[in-house]
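Structure assessment
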Amino acid sequence: MKRVYYITKKNTNKTIKAVEYLELLEICFIEDSALKQKIKEVDGLLFTSKNAVFALEHFASKEWQNLPCYVIGEGSKKVLESFGGKVEFVASTAYGDLFGKELVEILQKKKVLFIRAKKVASNLVEILRNGGILVSESILYETKILSIPEVDKQRISDDSIFFFSAPSSLKAFLKNYAWRDSYLALCIGKSTAKVAKELLGEKAKILLSPKIDIENSLEFAKELAMENNNE
């Protein structure tokens, strides 16, 4: 029977049934001493990950809720709303570069703050600045790859489906497990799929998720597993 594995961070809420969670990443917050001043100087906030929302709430829990927020993904939207944030715009795709192009149309004459990780895969800031948008940045977290002791590693069956939501999740998997030809990599975003081809090889089975958020992508992965199990 095909299994679905989700490569994710420590202490992830395991809310989706029939999915195996491989916690191979850790989110570490980074303090920005100028954060509160940056918030005062902008007209809105940008997020490409819900981890950025958690980090902002950690460092400035009462300073940002009145600002309109522009986000990628339903997951980020839900987390923002749970903290009392105002979601002004949700990207139509999961791609940071396309998000930037959409924002250029709606952020004219506005100054925004991008709440981000230490490393990002897209050219969002460059696209916005080239489009005439004033953008400042605040790096509030980084994603670290964990090394799992051999005794704690899960046994992975052949023909499994692995869901990768970012390039870092691919790197985390390969640090701890070997890739097999029978595996399928399901990726969110072109950047993640590109890294998958580079790291897994051109012959690896790689599929770009038709869904733009994690929950629906995992449901799609489960459908793939069921189809293959019924063959």
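Report follows, based on the coordinates.

In this structure, Ala18 is a non-glycine residue whose phi angle is positive, near 65°. On the secondary structure map, Ala18 appears in the loop between β1 (4-9) and β2 (20-29). A relative accessible area of 64% places Ala18 in the exposed class. At Asp159, a residue that is not glycine, the phi angle is positive and equals roughly 65°. When you line up the elements, Asp159 lands in the loop between β7 (134-145) and β8 (161-164). The exposure class assigned to Asp159 is partly exposed, which follows from its relative accessible area of 35%.

Here we take up the packing of helix α2 (residues 50-59) against helix α3 (residues 74-82). As a packed pair, α2 and α3 sit with axes 8 Å apart at the nearest point and diverge in direction by 20°. Classified by the angle between their axes, α2 and α3 sit roughly parallel to one another. For the pair α2 and α3, the sense of crossing is right-handed. Residues Lys50, Val53 and Phe54 of α2 touch α3, and the partners they reach there are Gly75, Ser76, Val79 and Leu80. Its residues placed into classes, the contact of α2 with α3 shows four nonpolar, two polar and one charged.

Calculation notes
Residues numbered from 1 in each chain as written. Predicted model: local features only at pLDDT ≥ 70, side-chain atom pairs only at ≥ 80, totals over all residues. Heavy atoms only, no water. Helix = DSSP H or I, 4+ residues; strand = E, 2+ residues; numbered from the N terminus. Buried < 20%, exposed > 50% of the residue type's maximum accessible area, 1.4 Å probe, protein only. Axes fitted to C-alpha atoms, helices over the stretch in contact; angles between N-to-C directions. Parallel < 35°, antiparallel > 145°, perpendicular 65-115°, else oblique. Left-handed = near helix turned anticlockwise from the far one by under 90°. Contact = heavy atoms within 4.5 Å. Nonpolar A, V, L, I, M, F, W, Y, C, P; charged D, E, K, R; others polar.

Remember, this is a structural readout, not a statement about activity or role.
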